[in-house]
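# Coordinate inspection notes
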Amino acid sequence: MRSLLSSRLLWGALVFVAVAAVLPLWLSAYVLGVLTAGYYFGVFAMAWDLLFGFAGEVNFGPTFLIGLGAYTAAMLNNRFGLAIPWCVMAGIVSALIGGLLLAMPALRLRGPYFGLVTLVAVLLLQNAIVIFAGVTGGEIGMTVPDVLSLSAATNYWYGLAFMVICAVILFGLSRSAMGLILQASGQDPIEARALGFNVTKHKLMAFSISAVFAGMTGALLVFYMGTASVGTLIDISIGVQIIIAAVLGGRRSILGGALGAVFLIGASEVLRPLGQLNTFVVSALALAVILFFPDGLLGHVLRRREAQ
Amino acid sequence: MLARQILIDGFAIRALYALGAVGFTLIFGVSGVLNLAHGGIMVIAALIGWFTAGEFGAGPYGGALVGILAGLASAYATYLLVVRPIQRSRAIPKEESEIFVLTGTLLWGIMIQTALAYKFTDNPVTMRPILPGVVTLGGVRTPRNEIMIAVVCWLVIGLVWLLVNRTRTGKTLLAASMNPRGLTLLGFELSRVHLVVWSIYGVLAGLAGVLLASFLGTGSGNAGQLTASAFSIVVVGGLGSVSGSLLAAYLVGYLETLTAYLIAPTLRPIPALILLVLVVYIRPQGLLGRR
């Protein structure tokens, strides 16, 4: 039964990737740009889902890690002119260090307090960047001299490939032994501890993985967009969108995050003519999904098949 | 002179924030809900109050009353349309209902904010002061309206404290926040308790919103910031504690004002954040909180 499930998932995913890969032949550069942003967003959502859906820790500030990775990479490229791969790696390291500094004391807290700490971290980072505007460009942001590519199609393929690779890695992790232990720790930590698993160590690992992916994607996003600013990378509203994308797509499914992100970005674009009401409609839609399909889009489809 | 000015100027606005925070903390303490639509409810009350007072012509008192009723109505809407369905939903496992309620109220808050921005635009509005005129208090010129606001806020907070700590209804609320199951064993209807709390919350948030509009002015763009302020005050003061919110509102407020005056205006939000971090690490239940 389970192999039937995963093979349906596999075929669905393969079809999705195949269709997505040939889209640049038909779509305009603008639409490709929107989709590329959606793919990077998808990695954010998937990394978040690993932490939430599995480890059961609600991270209200994924943008803290993203911002660390993005701004480190941007500043290194801007001030010292280091090549893109080095900047990205530095971004990853910085996000990892920041994530560990945040997680180690935070994991001692229970319930809503962990979420609160993550929220405060984002606020602190945002304020720090604005205050030290001389170095970071403040609210206006900074531009970076290097970009991944100037062609929309190439950027699109980079984004798609990146998302697919991350999806494979994250999905594999979720189905591995570690994923199972994380799920146990998230749903019933007392029992997991009783069975002898070091819950804290595993949650810390999950946090680190989430941090690595968030930082890496943040850094790459900076080089895709060519700029880094607080409003596009760190603002709480971005974090909210990531959470919505993951929940919409289906928590605990990892791949649902990618689906949710693409859907969210696509929906915002399609509804753009509505002007201000576009946010209203998207939020209302997300609320409806939470009320009536709490398993999310992908989760709902998977559960239905499981019931058959 | 400067010190007196800081003291007096900050007093009323801090009382206002405390009022909003008290409702927020009650909802969390009793219903277990971190209502992220809080700012939205305050702004609805403010904007509808302003609209009724000005465009509709009901005058400041009529507007204030309608505003408070609007706050009450929005609180009910939030509870009955968003929070209760999620809490009762069978499709969501118990451990996760908290995060879903949180996300739900967040989305609801965004919906309120964008709908208000659409109807009333982003521009902040001010209601005509309920008590016009200026008075000199200890050498500082203060609008009468500001004094009235401070008095009203302290009065209402005092009433709420009395309600929660001295009356039977209040004790039921406290009991519900400590042990809901035990309360049902004693024969109390939990759903009635929740309705009572949300009613109190609606009135408090509505009042805070209306007063804010008549004092500093507010608009749909402020909703997020109002929620964030209430949030920080409640965390520092203690989730579920009325006196804690009052204390924290003044502590955070004066810290911010002192920073702005003595160090630098740009560093204004920093001490509040640092205080928040310290409280969460050293004493996560807040200064006067229970759990």
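### Let's talk about the overall build of chain A
When its secondary structure is counted, chain A shows 15 helices and two strands. Buried residues in chain A amount to 52% of all 308 residues. Look at the contacts in chain A between residues 6 or more apart in sequence, and 78% of them connect residues 24 or more apart.

### A few points about helix 8 (residues 190-215) of chain B
Residues spaced three or four apart along an α-helix point in a common direction, a consequence of the helix completing one turn every 3.6 residues. Residues and elements named next belong to chain B. Taking 1.5 Å of rise per residue, 26 residues should cover 38 Å, and helix 8 covers 37 Å from first to last C-alpha, within 8% of that figure. Of all 26 residues in helix 8, 19 are buried, a share of seventy percent or more. In the segment just after helix 8, Gly217 is the residue with positive phi, at about 85°.

### A look at the nonpolar core
Counting 192 residues, the largest nonpolar core has Leu16 and Leu19 of chain B as the members making the most contacts within it. Residue contacts for Leu19 of chain B: discarding those within four places in its chain leaves Cys153, Val156, Ile157, Leu204, Leu207 and Ala208 of chain B.

### A few points about the interface of chain A and chain B
Tallying the contact residues gives 28 residues for chain A and 31 residues for chain B. Among the elements of the structure, helix 5 (112-131), helix 12 (236-249) and helix 14 (277-292) of chain A are those that each provide at least two residues to the side of chain A that touches chain B. Looking at the side of chain A that touches chain B, its residues break down into 22 nonpolar, five polar and one charged.

### Some thoughts on the packing of helix 6 (residues 168-178) of chain B against helix 8 of chain B
Residues and elements named next belong to chain B. One way to put it is that helix 6 packs onto helix 8 with a least axis distance of 10 Å and a crossing angle of 110°. With respect to their mutual orientation, helix 6 and helix 8 come out roughly perpendicular. Contacts between helix 6 and helix 8 involve Thr169, Thr172, Leu173 and Ala176 on the former and, on the latter, Leu190, Val193, Val196 and Val197.

### Points about helix 5 (residues 144-166) of chain B
End to end, helix 5 of chain B covers 32 Å across 23 residues, agreeing with the expected 33 Å (1.5 Å per residue, within 8%). When helix 5 of chain B is considered as a whole, its buried residues turn out to be Asn145, Glu146, Ile149, Ala150, Cys153, Val156, Ile157, Val160 and Val164 of chain B.

### A few points about the environment of Ile92 of chain A
All names here are of chain A. Inspection of the secondary structure assignment puts Ile92 in helix 4 (residues 84-106). In this structure, the C-alpha to C-alpha distance between Ile92 and Val230, residues 138 residues apart in sequence, is 18 Å. In this structure, Ile92 is in contact with Gly69, Val212, Gly215 and Met216, ignoring residues within four places of it in sequence.

### Structural notes on the packing of helix 9 (residues 223-237) of chain B against helix 10 (residues 242-263) of chain B
Residue and element names in this part refer to chain B. Two elements in contact, helix 9 and helix 10, have axes separated by 8 Å at closest approach and are oriented at 115°. Here the hand of the crossing between helix 9 and helix 10 comes out right-handed. Residues Ser232, Ile233, Val234, Val236 and Gly237 of helix 9 form the contact with helix 10, whose participating residues are Gly244, Ser245, Leu247, Ala248, Ala249, Leu251 and Val252. Of the residues in the contact of helix 9 with helix 10, the class split is eight nonpolar, four polar and no charged.

### Remarks on the environment of Val17 of chain A
All names here are of chain A. Note that Val17 resides in helix 1 (residues 2-22). The class of Val17 is partly exposed, set by 14 C-beta atoms lying within 10 Å. With 23 residues separating them along the chain, Val17 and Tyr40 place their C-alpha atoms 15 Å apart.

### As for the confidence of the model for chain B
Averaged over every residue, the pLDDT of chain B is 80; the share at 70 or more is 95%. The complex prediction reports pTM at 0.82, with the ipTM value standing at 0.77.

What counts, and where the lines are drawn
Residues numbered from 1 in each chain as written. Chains lettered and ligands numbered in written order. Predicted model: local features only at pLDDT ≥ 70, side-chain atom pairs only at ≥ 80, totals over all residues. Helix = DSSP H or I, 4+ residues; strand = E, 2+ residues; numbered from the N terminus. Buried ≥ 20, exposed ≤ 12 C-beta atoms within 10 Å, placed from the backbone. Contact = placed C-beta atoms within 7 Å. Expected span 1.5 Å × (residues − 1). Core = buried A, V, L, I, M, F, W, Y, C linked by C-beta atoms within 7 Å. Nonpolar A, V, L, I, M, F, W, Y, C, P; charged D, E, K, R; others polar. Axes fitted to C-alpha atoms, helices over the stretch in contact; angles between N-to-C directions. Parallel < 35°, antiparallel > 145°, perpendicular 65-115°, else oblique. Left-handed = near helix turned anticlockwise from the far one by under 90°. pLDDT = per-residue confidence, 0-100.

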